[in-house]
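A structural walkthrough
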Amino acid sequence: MQVSPEVTPDSIPAVRKITVLGAGAWGTAVAMALAGRHDVLLWGRNAEAMAAMTASGENSYLPGFPLPPQLRISADFDAAVAHASGEHGLLIAACPVAGLRPMLHQLKDRAIGNLVWLCKGFEGGTGLLPHQIVQEVLGDKIPGGALSGPSFAQEVARGLPCALTIASHSAALRGAVVSALHGGTIRVYASDDLVGVEVGGAVKNVLAIATGVADGLGLGLNARAALITRGLAEITRLGTALGGQTETFMGLTGMGDLILTCTGDLSRNRRVGLGLAQGKALATIVAELGHVAEGVPCAKAVRELAHRMGVDMPITNAVAGVLFDGDLPHVMVQQLLSRDPRDETT
């Protein structure tokens, strides 16, 4: 369920210092948005790139967006973690799902107060959601949660409005994150449905590839609307099978994130679909993006997970067929159109 920002736990640790671990586009945008209200440090592993950011006053992943002068930048991992240590610190892991486990191993046995992750997807090989990876590596010692929702990095960096959801089993962490991040142009809601929020954030990237293919083939707005709607049904089927709450998929991290990623021109995953429709090789598309498109590895992980669980996900399967099995985009469309009719509610 979602809880309004006005509802907070009785005891909320006040966040005084924030460290964002990961200086990609999204991590940088979040750090920029929070730097005016908090003592924020942005960490990146490449010392040369961090020095260039400091000198130029902007991140090459977000060209044209000046970094706030009060935002601190560092390539010193120990100092970055120490900056947000203790119960009044907030550590934000802004890495792809593939980098989450290695980062968590670096954090193990350190004095961390609160941990939030921004990544969306399933881990390759294990099929685990981010919170399950955190559980495996760190256990229950550190309050943690997923910060997700419909948000393009460029718009957040520009200071445009957005709404996010913090999902955690810890009421204190939810309250701390809402208190720290809610304000200005960012509206933050709280949810205790960690599974539902993470599944919505992961699978929507796969469906954005499907809508990109449809748009690239010129199939029209009717087809796009059908893919988004039936895609939401797929997300809900998988999410509830994993223990998520149905209403979560009607909210920001389900329907909201799905609509944005499937229709927005800034969507990397949609651009993957557009490239596939043009006949480009996947390696070429990814190289041209210059960023991680999480829907690509996620399509494989979701197909395998859905098969093991017996969950019907025809759009996801069709996307994975194009990405990994050599299926042609127009064949993917024909396969979806030729499926037997069924009740819309199933």
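Please read all numbers here as calculations on a predicted model, not as lab measurements.

Quick notes on the UniProt feature "binding site: NAD(+)" (unreviewed entry) in the protein
This chain's UniProt record puts "binding site: NAD(+)" (unreviewed entry) on Gly22, Ala23, Gly24, Ala25, Trp26, Gly27, Ala153 and Arg268. Restricting the annotated residues to those that line the second largest cavity leaves Trp26. Turning to its location among the elements, Ala23 is positioned in the loop between β2 (17–21) and α1 (25–35). The residues contacting Ala23, other than those within four sequence positions of it, are Thr28, Leu42, Trp43, Gly44, Met50, Met53, Asn59 and Tyr61.

A word on the layout of surface pockets
Rolled over the atoms, a probe with the dimensions of a water molecule shows which regions are left empty. Roughly 1200 Å³ of internal volume is contained in the largest pocket. Looking at the lining of the largest pocket, the elements with two or more residues in it are α1, α2 (47–56), α4 (97–107), α6 (153–158), α8 (194–216), α10 (252–263) and α11 (268–277). Ranked by the residues each element gives to the lining of the largest pocket, the list is headed by α2, at five residues. Counted by class, the lining of the largest pocket contains 24 nonpolar, 18 polar and eight charged residues. Two domains each donate at least three residues to the lining of the largest pocket, and these are domain 1 (17–192) and domain 2 (200–338). Taken as a whole, the second largest pocket holds about 480 Å³ of empty space. For the second largest pocket, the lining is made up of 21 residues, of which Leu227, Arg230, Ile315, Leu336 and Leu337 are closest to its centre. Those elements giving two or more residues to the lining of the second largest pocket turn out to be α8, α9 (220–241), α14 (314–324) and α15 (329–337). Top contributing element to the lining of the second largest pocket by residue count: α9, with six residues.

Structural notes on the domain arrangement of the protein
Examined at the domain level, the protein breaks down into domain 1 (17–192) and domain 2 (200–338). Between the C-alpha centres of domain 1 and domain 2 there is a distance of 25 Å. Counting residues at the interface gives 20 residues for domain 1 and 26 residues for domain 2. For the domain 1 and domain 2 pair, buried surface summed over both sides reaches about 1700 Å², with 70% attributable to carbon and sulfur atoms. In this structure, the connection of domain 1 to domain 2 is made through one salt bridge. Ionic pairing is found between Asp257 and Lys120, a salt bridge with its closest N-O pair at 2.7 Å. Along the contact surface separating domain 1 from domain 2 lie two residue pairs in polar contact (both at pLDDT 80 or more). Elements represented by at least two residues in the side of domain 1 that touches domain 2 include exactly α6 and β8 (162–167). Looking at which element gives the most residues to the side of domain 1 that touches domain 2, the answer is β8, with three residues. When its residues are assigned to classes, the side of domain 1 that touches domain 2 shows 10 nonpolar, seven polar and three charged.

Let's talk about helix α7 (residues 171–181)
In terms of burial, α7 is a largely internal element, eight of the 11 residues being buried. All of the buried residues along α7 are Leu173, Arg174, Gly175, Ala176, Val177, Val178, Ala180 and Leu181. For α7, the secondary structure elements touched by its buried residues are α1, β5 (89–93), β6 (115–117), β7 (144–148), β8 and β9 (186–191). Of the residues flanking the end of α7, it is Gly183, one or two places downstream, whose phi is positive at about 145°.

What counts as what
- Residues numbered from 1 in each chain as written.
- Predicted model: local features only at pLDDT ≥ 70, side-chain atom pairs only at ≥ 80, totals over all residues.
- Heavy atoms only, no water.
- UniProt positions renumbered as here; feature names shortened; annotations may be inferred.
- 1 Å grid on protein atoms, 1.4 Å probe; cavity = no way out; pocket = protein on both sides within 12 Å on 5 of 7 lines; lining within 4 Å.
- Helix = DSSP H or I, 4+ residues; strand = E, 2+ residues; numbered from the N terminus.
- Contact = heavy atoms within 4.5 Å.
- Points joined across faces, edges and corners; volume = space filled by probe spheres on them.
- Nonpolar A, V, L, I, M, F, W, Y, C, P; charged D, E, K, R; others polar.
- Domains from an automatic or database assignment.
- Buried area = accessible area lost by both parts, 1.4 Å probe.
- Salt bridge = Lys/Arg side-chain N within 4 Å of Asp/Glu carboxyl O.
- Polar contact = N/O pair within 3.5 Å; in protein donor to acceptor, adjacent residues only side chain to side chain.
- Buried < 20%, exposed > 50% of the residue type's maximum accessible area, 1.4 Å probe, protein only.

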